[in-house]
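# Notes for the structure review
Read off the chains here:
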Amino acid sequence: MARKFFVGGNWKCNGTTGEVKKIVTTLNEAEVPSEDVVGSLILFFWVAEVVVSPPFVFLPLVKSLLRSDFHVAAQNCWVRKGGAFTGEISAEMLVNLGIPWVILGHSERRAILNESNDFVGDKVAYALSLGLKVIACIGETLEQRESGSTMAVVAAQTKAIADKVSNWDNVVFAYEPVWAIGTGKVATPAQAQEVHCELRKWLKENVGAEIAASTRIIYGGSVNGANCKELAAQRDVDGFLVGGASLKPEFIDIIKSATVKKN
Ligand SMILES: O=C(CO)COP(=O)(O)O
C-alpha cells in the first residue's frame, strides 16, 4: 500500500489565543491537496494527511475552528492511566476531547525532561491502547552523529517502542536529528534518506516486511518552504514534522510538497 504523505505542524510552546486563531484562519483558507477535498480514487496518491499540534490549552479551540480535513495532535500525554499526577494530561483526556493524534518522545522532552527510551516506549504503547494515533519521535544528537552512532541510537529508540507495539496501523515515526531542530541547519536530502532507509531496513528485519513497507517515516528539523521539495523527493521521506515554519504561512508550501515526484 502506498504511504500517504504526512505533514505535521508542531507548534511547541508558542502562541496566544489571537495568534492561534490567525494560524487556523490561514490554514482554513489554503488550497491544498487534501483527503476530503480531493477524495477521488484517481488522485488518492496525491493527497497529504495534515495534523497540527498546538499546546494543550488551545487544543479544543483549534479543533473547533480547524477545517475538517486537517486534524489535531497533542504534544505529549501521561504514560499510563491518569490520576494523581499533578500537571500531567492523560491519554484518556485526549480521547475524551476527541483529539486523534499525539506526538510522543520529542527530543525536547527526551533531553530537557529526561524521558528515557523505555518511558517513551511505554507512553506509545499506552496511547495506542486507547486508540490514539502516535507520532513517535527519534533522532540523534550532533555528538552521536559525529561519533558514528546515529543508527545505533535511532535503532535503540525504535526498539524500545517496537518491543511494546503489536499493531502498527496508528504509528508514524518522525526522524528528527537533534542538531537540525530549531537550528536552521537542515539535514541534507541524502542524510535524511540514508537514515530513513536504514530505519525501514531495521523495521523489516526486526518487525516485518509489510510493516516496514507501510509505516510512514517523516523528517523533522529546520524544514521550510525552500528546502521541503528536495527532501520530499527522497524515496523514504514520507512527509515532515515541522516546528518553526508551521507557525507561518509557508507551512502551506510544505504541505504542497506532497505532490513532489519521488527520485
Ligand atoms: O522539532 C521539530 C518538530 O517537532 C522541528 O523544529 P524546527 O522545524 O523548528 O527545526
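Residues numbered from 1 in each chain as written. Predicted model: local features only at pLDDT ≥ 70, side-chain atom pairs only at ≥ 80, totals over all residues.

## Brief notes about the overall build of the protein chain
Summing up its helical and strand segments, the protein chain has 12 helices and eight strands in all. Against the 2.2 N^0.38 benchmark of 18 Å for 263 residues, the protein chain shows a C-alpha radius of gyration of 17 Å, consistent with a compact globule. By its C-alpha atoms, the protein chain is 50 × 45 × 35 Å across when sized along the principal axes. Taking all contacts inside the protein chain whose residues are at least 6 apart in sequence as the whole, residues at least 24 apart take part in 71%. (Helix = DSSP H or I, 4+ residues; strand = E, 2+ residues; numbered from the N terminus. Rg over C-alpha atoms; globule rule 2.2 N^0.38 Å. Contact = placed C-beta atoms within 7 Å.)

## Considering the site of the ligand
Near the ligand, the surroundings consist of 14 residues, among which Asn-10, Ile-181, Gly-220, Gly-243 and Gly-244 are the closest. Here the residues of the shell around the ligand are counted per class, giving five nonpolar, eight polar and one charged. (Near = placed C-beta within 6 Å. Nonpolar A, V, L, I, M, F, W, Y, C, P; charged D, E, K, R; others polar.)

## Observations regarding the pairing of strand S4 (residues 101–104)
Residues Trp-101 and Ile-103 line one face of S4 and the alternating positions Val-102 and Leu-104 line the opposite face, and both faces are buried. As for the winding sense of the linkage, the β-α-β connection from strand S3 (residues 70–74) through helix H4 (residues 91–96) to S4 is right-handed. Across four bridges, the pairing between S4 and strand S5 (residues 133–138) is parallel. When the sheet's bridge partners are listed, Ile-103 is paired in S5 with Ile-135. (Buried ≥ 20, exposed ≤ 12 C-beta atoms within 10 Å, placed from the backbone. Right-handed = clockwise from strand over helix to strand, strands pointing away. Pairing = 2+ DSSP bridges.)

## A look at the pairing of S3
Summarising burial for S3: four of the five residues are buried, a large majority. Pairing of strand S2 (residues 48–53) with S3 involves three bridges; the strand directions are parallel. Bridge pairing in S3 links Val-51 to His-71. A crossover links S2 with its parallel partner S3, the connecting element being helix H3 (residues 59–65), and its sense is right-handed. Pairing between S3 and S4: two bridges, direction parallel. The partner of Ala-73 across the bridge, within S4, is Trp-101.

## Some details on helix H9 (residues 189–206)
Residue pairs three or four apart in sequence face the same way in an α-helix, which turns once every 3.6 residues. Between its first and last C-alpha, H9 extends 25 Å over 18 residues, near the 26 Å set by a 1.5 Å rise per residue. Of the residues making up H9, those classed as buried are Ala-192, Val-195, His-196, Leu-199, Arg-200 and Leu-203. Projected onto a plane normal to the axis of H9, the buried residues spread over an arc of 135° and lie on a single side. Opposite the buried face of H9, by more than 90 degrees, sit the exposed residues Ala-190 and Glu-205. Taken from the residues just after H9, Gly-208 is the one with a positive phi, measuring 155°. (Expected span 1.5 Å × (residues − 1). Arc of directions from axis to C-beta.)

## Some words on the sheet that holds strand S1 (residues 5–10)
Strand order in this closed barrel of eight strands is S1-S2-S3-S4-S5-S6-S7-S8, and the pairing throughout is parallel. Direction aside, the axes of adjacent strands within the sheet are offset by 25° on average. Two strands pair when backbone bridges link them, and strand S7 (residues 216–220) and strand S8 (residues 239–242) are joined in this way by two bridges, in the parallel orientation. When the bridges of S8 are listed, Tyr-219 appears paired with Phe-240. (Axes fitted to C-alpha atoms, helices over the stretch in contact; angles between N-to-C directions.)

## Topic: the packing of helix H6 (residues 117–129) against helix H8 (residues 150–162)
Running from N to C, H6 and H8 cross one another at 40°; their axes reach a closest spacing of 7 Å. It follows that H6 is oblique to H8 by the angle criterion. At the point where H6 passes H8, the crossing takes the right-handed sense. Counted together, Asn-117, Asp-118, Val-120, Gly-121 and Val-124 of H6 and Ala-156, Gln-157, Ala-160 and Ile-161 of H8 form the full contact between these two elements. When its residues are assigned to classes, the contact of H6 with H8 shows five nonpolar, three polar and one charged. (Parallel < 35°, antiparallel > 145°, perpendicular 65-115°, else oblique. Left-handed = near helix turned anticlockwise from the far one by under 90°.)

## Section: H6
For H6, spanning 13 residues, the distance from its first C-alpha to its last is 18 Å, which sits close to the expected 18 Å at 1.5 Å a residue. Val-120, Gly-121, Lys-123, Val-124, Tyr-126, Ala-127 and Leu-128 are the residues of H6 that are buried. Residues of H6 that are buried sit in contact with H4, S4, S5 and H8. Immediately downstream of H6, the backbone of Gly-131 shows phi near 95°, a positive value.

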